[in-house]
Amino acid sequence: MNSDPAAARIDTSKPHPARRYDYWLGGKDNFAADRESADAVAEAFPTVQLAAVENRNFLRRATAYLTAEAGIRQFLDIGTGLPTAGNVHEIAQGIAPKSRIVYVDNDPIVLMHARTLLDSSPEGRTAYLDADLRDPQRILSHPDLLATLDLSKPIALMVVAVMHFMTDDNHPYELIRQLTEPLAPGSFLVMSHATSDYLDEEDLARSTEANQRSGVPFRLRSGTEFAKFFDGFEPVPPGITAVTLWRPEEYRPHPRPEAVSMWGGVARIP
């Protein structure tokens, strides 16, 4: 019998975004319900696996920029997902070993793997919170967060490929406001979000039906809707753009934005 309380909470009958993402990235920490849900989405959007990979590449480039060029040493990564190559602490501490990172997710299987996320450099520190994006106050007041991050100094809030799981009844803009308002001036918001902008009417209808069938709440948003998350902030060049076009590395080919269909942006909080 498995006495791990996290294991006891895992519901293998229902798909979860973190495990579905793991499946698209070629991981093994997923179940039949997750794979069926992921395949339902892929039927309508065949390049979804590519989108997952390119979104991860955006996270890596944004973290490297914030550490190496913006001088950020504190990161709050909400919707962490299952550990994979190139976690935020690996990138940030590879550049600045004293960097501190707090990871947040609400999937018990991620909690079971959290020790991988806690493999900090000796000079830095990491923590993992088993918490939900929809409860910003619990996240920001959590003792483990307060023991790891100094809220009086700049923090990079990473909400990457997460907000499209927040439907309108979750009040997504208010959630981001509650998370960014307490942050010190000079902090940053990093976001990516699946978009409907590259879909024609027929593809949009097919995608909407597939997402409903997948069993995971999902809300595609336009570039205009995505930009609202950054109201009042100072976008880092090149601004809000396709994730593949945000400070791309010249040495590798890039898929067309419509194949990834995801907006990304990094902005400074004044």
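Residues numbered from 1 in each chain as written. Predicted model: local features only at pLDDT ≥ 70, side-chain atom pairs only at ≥ 80, totals over all residues. Heavy atoms only, no water.

Colleague: Help me understand unusual backbone geometry in this model?
Modeller: Leaving glycine aside, a negative phi is the common case for residues, and trans is the common case for peptide bonds. Cis geometry marks the peptide bond from Pro237 to Pro238; its omega dihedral reads 10 degrees. Despite not being glycine, Arg247 has its phi angle at roughly 45 degrees, a positive value. Looking at the element boundaries, Arg247 is found in the loop between strand E7 (241–242) and helix H13 (257–260). Using a relative accessible area of 30% as the deciding quantity, one classes Arg247 as partly exposed. Located in the positive-phi region is Ser261, a residue other than glycine, with phi close to 55 degrees. On the secondary structure map, Ser261 appears in the loop between H13 and strand E8 (262–269). (Helix = DSSP H or I, 4+ residues; strand = E, 2+ residues; numbered from the N terminus. Buried < 20%, exposed > 50% of the residue type's maximum accessible area, 1.4 Å probe, protein only.)

Colleague: Looking at this model, I keep getting lost on the pairing of strand E5 (residues 187–194). Mind explaining?
Modeller: A regular strand carries its side chains on alternate faces of the sheet. Taken across its eight residues, E5 has eight buried, putting it largely inside the fold. Every second residue of E5 is oriented toward a common face, with Ser187, Leu189, Met191 and His193 on one face and Phe188, Val190, Ser192 and Ala194 on the other, all of them buried. Where strand E4 (residues 156–160) and E5 come together, five bridges link them in parallel fashion. Looking across to E5, one finds that Val160 is bridged to Ser192. Each parallel crossover has a hand, and the one from E4 via helix H10 (residues 172–180) to E5 is right-handed. The pairing of E5 with E8 spans eight bridges and is classified as antiparallel. By the bridge assignment for E8, Val190 is matched with Val266. (Pairing = 2+ DSSP bridges. Right-handed = clockwise from strand over helix to strand, strands pointing away.)

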